[in-house]
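Structural characterization, general
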Amino acid sequence: MAQIGFVISKQQHILIAGGGIGGLSAALAFAKRGARVSVFEKRAVLGEVGAGLQLSANAMHVLSALGVEAEIRAAGFAPNAAVLRDYQSGKPLLTTPLKHAHRARYRQDYLHIHRADLHRILFEAAIDAGAKIHSGNQAMRYTQSDNQITLHLDQHTVSGDILIGADGLHSQIQTQILGVQKPQFTGQIAWRGLVPAKALPTGAIPPDANAWLGPGAHFVAYYVRGGDMINFVAVREQKQWTKESWHEAGEVKNLRNAFAGWDPRITALLGACDQCYLWGLFDRKPLPKWTDGRAALLGDAAHPMLPFMAQGAAMAIEDAWVLAASVTAQAGMPAAALADYETRRKPRASKIQAISRDNAKLFHTRSASGRRFRQLKLAIANKAPALRHARLDRIYKTNVTQNSK
Ligand SMILES: Cc1cc2nc3c(=O)[nH]c(=O)nc-3n(C[C@H](O)[C@H](O)[C@H](O)COP(=O)(O)OP(=O)(O)OC[C@H]3O[C@@H](n4cnc5c(N)ncnc54)[C@H](O)[C@@H]3O)c2cc1C
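Quick look at the structure, then.

Conventions we followed
- Residues numbered from 1 in each chain as written.
- Predicted model: local features only at pLDDT ≥ 70, side-chain atom pairs only at ≥ 80, totals over all residues.
- Helix = DSSP H or I, 4+ residues; strand = E, 2+ residues; numbered from the N terminus.
- Rg over C-alpha atoms; globule rule 2.2 N^0.38 Å.
- Buried ≥ 20, exposed ≤ 12 C-beta atoms within 10 Å, placed from the backbone.
- Expected span 1.5 Å × (residues − 1).
- Pairing = 2+ DSSP bridges.
- Axes fitted to C-alpha atoms, helices over the stretch in contact; angles between N-to-C directions.
- Near = placed C-beta within 6 Å.
- Nonpolar A, V, L, I, M, F, W, Y, C, P; charged D, E, K, R; others polar.
- Parallel < 35°, antiparallel > 145°, perpendicular 65-115°, else oblique.
- Left-handed = near helix turned anticlockwise from the far one by under 90°.
- Contact = placed C-beta atoms within 7 Å.

Re the overall build of the protein chain
- The helix and strand tally for the protein chain stands at 13 helices and 19 strands.
- Against the globule reference of 22 Å for 405 residues, the protein chain gives a C-alpha radius of gyration of 21 Å, in line with a compact fold.
- Across its three principal directions, the C-alpha atoms of the protein chain cover 65 × 45 × 40 Å.
- Expressed as a percentage of the 405 residues in the protein chain, the buried residues total 49%.

Okay, structure coming up:
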């Protein structure tokens, strides 16, 4: 696989804790620059949950620069538009054209992809670029000196130049950098699942990124795998999350009950669903720091966010590029390079955490007067593309591959 023009010395050994989308993006970004990369994933078998993911232009710019655009495009689905709908009538409240309009404005596509497909593509490309990926290895803690950092795994230790904590919401590496800081339950739960498109009449779900907005809840549905599967995310407010894990198998019966009386297209989709998973949705206030000498956090370990702007994985992918670029630019000065990465990334990630939180209020407005006001706001935005652009450009217009080589 071709290398990126700016090369890191082969002597640099990059250790990555966590083999999710963030960890594998970082593995690929560093390996393509010629670094020696070792990923340690605690699960015995690497993979991703059966659910979809939206990839906007800002993420696609990075994936393209990392050389996996063609594979992503082949596995993905390009929606016509992002459509906010009334929860009962299904009537569009706000339509933002995507298919050609997103590329025309942001120079990349907006795609839907199965998470397992994205994970596999990143995994294969990282291996192809020379990264070593070790499953069944749990990161416990690290120690560091002036010359190296040592990752202590459950079975052994390994030393390198830089350690990246890409170990998700409950990051061990974050705990060591900052002490125990529990993520906050946001008062929202999400069911996720996939339904074969052929289980419903053709076109039953419009080929858009659809979000139905109801009181205290919303329902998202879109196609993945070239249109063969329909992914859904059903979010509802709930006071408590009492489970120990943050996701688990969900009861389809409870899901159907929670969305009874919504648009008949949702009822039909859930009628065809035989398996779903349930998530508690957590986030954190922006962390005081992401780095400690030769250690840095990335992705959900640094900035978990509500999924209401569909940007969590996109931010992890952007992080990976900027981190590899900062380390390349400041060769031999790992702590300075990581501090530079934090300075570049934190304002943007914090801003998108906040926008995602605000969307929860907009999506879940309960009172009749609040919903009338929202309808009016969305009707105005529908007629004024400049208003929509002002909001979305902040997210989609950024191309980190141009800002940092
Ligand atoms: C309902 C929902 C919908 C979403 N939709 C979108 C979307 O459309 N678009 C988008 O961009 N984002 C979306 N997101 C967000 C996105 O899923 C996450 O932001 C992204 O997966 C984070 O990736 P990550 O690699 O940082 O963390 P994770 O995916 O959590 O990966 C962390 C990895 O580290 C491993 N690990 C954990 N601890 C250790 C340890 N101690 N040692 C070794 N390995 C360890 C884990 O097993 C895991 O493989 C959504 C999230 C949710 C909940």
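Next comes the rest of the account.
Some points on helix 11 (residues 368-383)
- Its 16 residues place the ends of helix 11 23 Å apart at the C-alpha level, agreeing with the 22 Å of an ideal helix rising 1.5 Å per residue.
- Of all 16 residues in helix 11, 0 are buried, a share of ten percent or less.

Quick word on the sheet that holds strand 10 (residues 157-160)
- Strand order in the open sheet made by the 3 strands is 8-9-10, with antiparallel pairing throughout. Unpaired on one side and paired on the other, strand 8 (139-144) and strand 10 mark the two borders of the sheet. Averaged over all neighbouring strand pairs, the angle between strand axes comes to 25°, with direction disregarded.
- In this sheet, strand 9 (residues 149-153) lies alongside strand 8 in antiparallel orientation, the contact comprising 5 bridges. Paired with R141 across the strands is H152, a residue of strand 9.

Focus on unusual backbone geometry
- A positive phi angle, near 65°, is found at R107, a position not held by glycine.
- Here R107 is to be found in the loop between helix 4 (101-106) and strand 6 (111-114).
- One non-glycine residue with positive phi stands out, namely A310, at about 50°.
- By the secondary structure assignment, A310 is in the loop between strand 19 (295-297) and helix 9 (312-329).

Thoughts on the site of the ligand
- Taken together, 34 residues form the shell around the ligand, and within it G18, G20, G168, G299 and G312 come nearest.
- Elements represented by at least two residues in the shell around the ligand include exactly helix 1 (21-32), strand 3 (52-55), strand 12 (184-196) and helix 9.
- The element that contributes the greatest number of residues to the shell around the ligand is helix 9, accounting for 4 residues.
- Here the residues of the shell around the ligand sort into 16 nonpolar, 12 polar and 6 charged.

A word on the packing of helix 1 against helix 9
- Where helix 1 meets helix 9, the axes come as close as 8 Å, and the angle between the chain directions of the two elements is 25°. By the angle between their directions, the pair helix 1 and helix 9 is classed as roughly parallel. Of the two possible hands of crossing, helix 1 and helix 9 adopt the one that is right-handed. Every residue of helix 9 that contacts helix 1 at I21, G22, S25, A26, A29 and F30 is listed here: A313, A316, I317, D319, A320, W321, L323 and A324.
- Per-class residue counts for the contact of helix 1 with helix 9 are 11 nonpolar, 2 polar and 1 charged.

Let's talk about the sheet that holds strand 18 (residues 291-292)
- Ordered in space as 7-2-1-11-19-18, the 6 strands form an open sheet in which the pairing is mixed. The two strands at the open ends of the sheet, each matched to only one other strand, are strand 7 (132-134) and strand 18.
- Summarising the sheet, strand 18 and strand 19 pair through 2 bridges and their orientation is antiparallel. Counterpart to T291 in the pairing with strand 19 is A296.

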